[in-house]
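These are the residues of each chain, in order.
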Amino acid sequence: MISSSPSSSPLSSAYIFPRRRLSSPSFLPLSSPPPKPPLPSNSGEMKPDVASNSAVYLRRVFTAIVFLSAVVLSCFVLYRATDSVGLKMPMVYYYYYASGNPDLLSDDVSSDNSRLPDSKEFRLEKVLNDAAMEDKTVILTTLNEAWASPNSIIDLFLESFRFGEHTRKLLNHLVIIALDMKAFSRCLDIHTHCFALVTEGVNFSSEAYFMTPAYLKMMWSRIFFLQSVLELGFNFVFTDADVMWFRDPFPHFYFDADFQIACDHFSGISDGVENKPNGGFKFVRSNNRSIEFYKYWYSSREKFPGLHDQDVLNIIKNGTFIQDIGLKMRFLSTAYFGGFCEPSRDLNEVCTMHANCCFGLDSKLHDLRILLQDWKSYMSLPPRFKGSPLVSWRVPQNCSLDALLHFDLQSEDEKQEMDNNGKTDKRL
């Protein structure tokens, strides 16, 4: 809309903002110029000066920027202060092994946004840093839905730390790697450091029976993930959740070894390749040698299709690659790191016991509960009775080698029968 005020007339504007070419002597008449009309009496109706307006606008913008900068800086200082004194909520994280798939979220997790981790803010390195010891060592275990239900494997696992000797403090450095979202949800209820590792297109929630396709994929996914932990510069103790922790194992690790692993059967020689390693418990230091070894181990799955990581390790440990890269490998004695295959006989020395050489979740739970009760009974004894030869494990029972052999024979018979009927065994 055009204003009707005097200051808006063309004549007035021409005299307020005269053109320079009109003031040029070559265009002016010889007579004196006509007098300028008087300025409007109401000076309040004049338009503000453009330069003055620009200066005011810039001052306001500058003031707003300074204010916002002060707010952001204050929030950052407050965050760092609370983080340094430990005023923080339990860390939850989310990570996709492949590309993300929101459909993998279970109803009990996705319905509560407060329980969803932030994949942009929290990464693998963050959760490892929060749980790491001073030398950047973490304890890792994996968990799926089958082992995550109440009163199942994960509860016995955590209970062993609480009743072990000098093991409760190690829970501060334990990260539970959830392989599905229901396991992740359960982890949030029972532990501080949780990390969701989801493999696109693969369901690891159910029990994966030994040597089935699901089992093989789970084992090789684990090797790849542990390689990434090493590449981030973290040492790790990896432990299956069916390993009971009764004593602090760190005093029994070899200080000069890059890679050390428990055994199903121990020959008595820590560097003997004739040992039968078990990938359910190992301590690996992060360096160029261990990273190269894990890359080679993972890539070897293509050379030996149909074998799991433990079988492939038994093959490559006899090759020249380990010597070529200078990796120092040690095998841990079953006297300290035992299992149902070869138990640690002396309860005064045992550090961990693994429910290996065992088939089926029910059998594991049965024998692990007895194992944990045996340990509690041992801990309640007076010191003078703890060295008695009468103190020993009552397991394995359902996890005996005879039971495992019986299952193997039964599985072969079932497979033969199904082949005869022209069917394929779909059981996992």
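The notes below deal with the structure included here. Predicted model only: the values in this text are computed from it and were never measured.

**What to know about the overall build of the protein**
Thought 1: The helix and strand inventory of the protein stands at 13 helices and eleven strands.
Thought 2: Taken over 428 residues, the protein has a buried fraction of 42%.
Thought 3: Residue pairs in contact within the protein that sit at least 24 positions apart in sequence constitute 72% of those at least 6 positions apart.
Thought 4: Summed over all atoms, the accessible surface of the protein reaches about 24300 Å², with 57% contributed by carbon and sulfur.

**Thoughts on the state of the cysteines**
Thought 1: Under the definition given, this model contains three disulfides.
Thought 2: There is a disulfide in this structure between Cys 187 and Cys 194, and the S-S distance comes to 2.0 Å. Its S-S torsion of about -90 degrees marks the bond between Cys 187 and Cys 194 as left-handed, since a negative value means left-handed.
Thought 3: In this structure Cys 194 comes out as buried when scored by relative accessible area, which is 1%.

**Examining the side chain of Asn 278**
Thought 1: For Asn 278, the location among the structural elements is in strand β8 (residues 276-284).
Thought 2: With sequence-adjacent residues up to four places away left out, Asn 278 is seen in contact with Ile 261, Ala 262, Cys 263, Asp 264, Gln 310, His 354 and Asn 356.

**Comments concerning the sheet that holds strand β10 (residues 337-339)**
Thought 1: With mixed pairing, the three strands of this open sheet are ordered in space as β6-β11-β10. The open sheet terminates on both sides in strands that have one partner only, identified here as β6 (243-245) and β10. The mean inter-strand angle of the sheet, taken between neighbouring strand axes irrespective of direction, is 20 degrees.
Thought 2: Two elements, β6 and strand β11 (residues 352-354), share three bridges in a ladder whose sense is antiparallel. Bridge pairing in β11 links Val 243 to His 354.

**Things to note about the nonpolar core**
Generally speaking, nonpolar side chains in soluble globular proteins are found buried as a group.
Thought 1: Counting residues in each nonpolar core, the largest one holds 56 residues, and the members touching the most others are Phe 157, Trp 245, Phe 281, Leu 371 and Trp 393.
Thought 2: Considering each element in turn, this core owes the most residues, eight residues, to helix α12 (residues 361-379).
Thought 3: Here Phe 281 is in contact with Val 237, Phe 238, Thr 239, Val 243, Trp 245, Pro 249, Phe 253, Ile 261, Ala 262, Leu 332, Phe 337 and Thr 352, once residues within four sequence places are set aside.

**Looking at unusual backbone geometry**
Thought 1: The linkage connecting Val 395 with the following residue, Pro 396, adopts the cis geometry, with an omega of 10 degrees.
Thought 2: Turning to its location among the elements, Pro 396 is positioned in the loop between α12 and α13 (401-420).
Thought 3: In the Ramachandran plot, Asn 151 falls in the positive-phi region, its phi being about 65 degrees despite a non-glycine side chain.
Thought 4: Relative to the assigned elements, Asn 151 resides in the loop between α5 (145-148) and α6 (153-163).
Thought 5: According to the relative accessible area criterion, Asn 151 is exposed, its value standing at 60%.

**Regarding the side chain of Lys 386**
Thought 1: One can find Lys 386 in the loop between α12 and α13.
Thought 2: The side chain of Lys 386 sits in the buried core without any salt bridge; Glu 165 is the nearest counter-charge, 4.8 Å away.

**A short note on the packing of helix α9 (residues 288-299) against helix α10 (residues 309-316)**
Thought 1: At their nearest, the axes of α9 and α10 sit 10 Å apart, and the two run at 115 degrees to each other. One element, α9, and the other, α10, form an angle in the roughly perpendicular class. The interaxial crossing formed by α9 with α10 has right-handed handedness. Contact residues: Phe 293, Tyr 296 and Trp 297 in α9; Asp 309, Val 312, Leu 313 and Ile 316 in α10.
Thought 2: The class makeup of the residues in the contact of α9 with α10 is six nonpolar, no polar and one charged.

**Re the pattern of salt bridges**
Thought 1: All chains considered together, the criterion is met by twelve salt bridges.
Thought 2: The salt bridge partner of Lys 295 is Glu 292, with a shortest N-O separation of 3.8 Å. Highlighted residues: Lys 295 and Glu 292, both in helix α9, separated by three residues, approximately one helical turn.
Thought 3: Overall, Lys 295 belongs to the partly exposed group, its relative accessible area being 35%.
Thought 4: The salt bridge partner of Glu 302 is Arg 301, with a shortest N-O separation of 3.7 Å.
Thought 5: Put simply, Arg 222, Asp 240 and Asp 309 are held in one network by salt bridges that share partners.

**Overview of the packing of α6 against α12**
Thought 1: Two elements in contact, α6 and α12, have axes whose closest approach is 10 Å; the angle formed by their N-to-C orientations is 15 degrees. For the element pair α6 / α12, the angle class is roughly parallel. Crossing of α6 against α12: the hand is left-handed. Between α6, through Ile 153, Leu 156, Glu 159, Ser 160 and Phe 163, and α12, the contact on the second element is made entirely by Leu 361, Lys 364, Leu 365, Leu 368, Arg 369, Leu 372, Trp 375, Lys 376 and Met 379.
Thought 2: By residue class, the composition of the contact of α6 with α12 is nine nonpolar, one polar and four charged.

Thresholds applied
Residues numbered from 1 in each chain as written. Predicted model: local features only at pLDDT ≥ 70, side-chain atom pairs only at ≥ 80, totals over all residues. Heavy atoms only, no water. Helix = DSSP H or I, 4+ residues; strand = E, 2+ residues; numbered from the N terminus. Buried < 20%, exposed > 50% of the residue type's maximum accessible area, 1.4 Å probe, protein only. Contact = heavy atoms within 4.5 Å. Areas by Shrake-Rupley, 256 points an atom, 1.4 Å probe, with all protein chains shown as cover. Disulfide = S-S within 2.5 Å. Pairing = 2+ DSSP bridges. Axes fitted to C-alpha atoms, helices over the stretch in contact; angles between N-to-C directions. Core = buried A, V, L, I, M, F, W, Y, C linked by side-chain atoms within 4.5 Å. Lys, Arg positive; Asp, Glu negative; His and termini not counted. Salt bridge = Lys/Arg side-chain N within 4 Å of Asp/Glu carboxyl O. Parallel < 35°, antiparallel > 145°, perpendicular 65-115°, else oblique. Left-handed = near helix turned anticlockwise from the far one by under 90°. Nonpolar A, V, L, I, M, F, W, Y, C, P; charged D, E, K, R; others polar.

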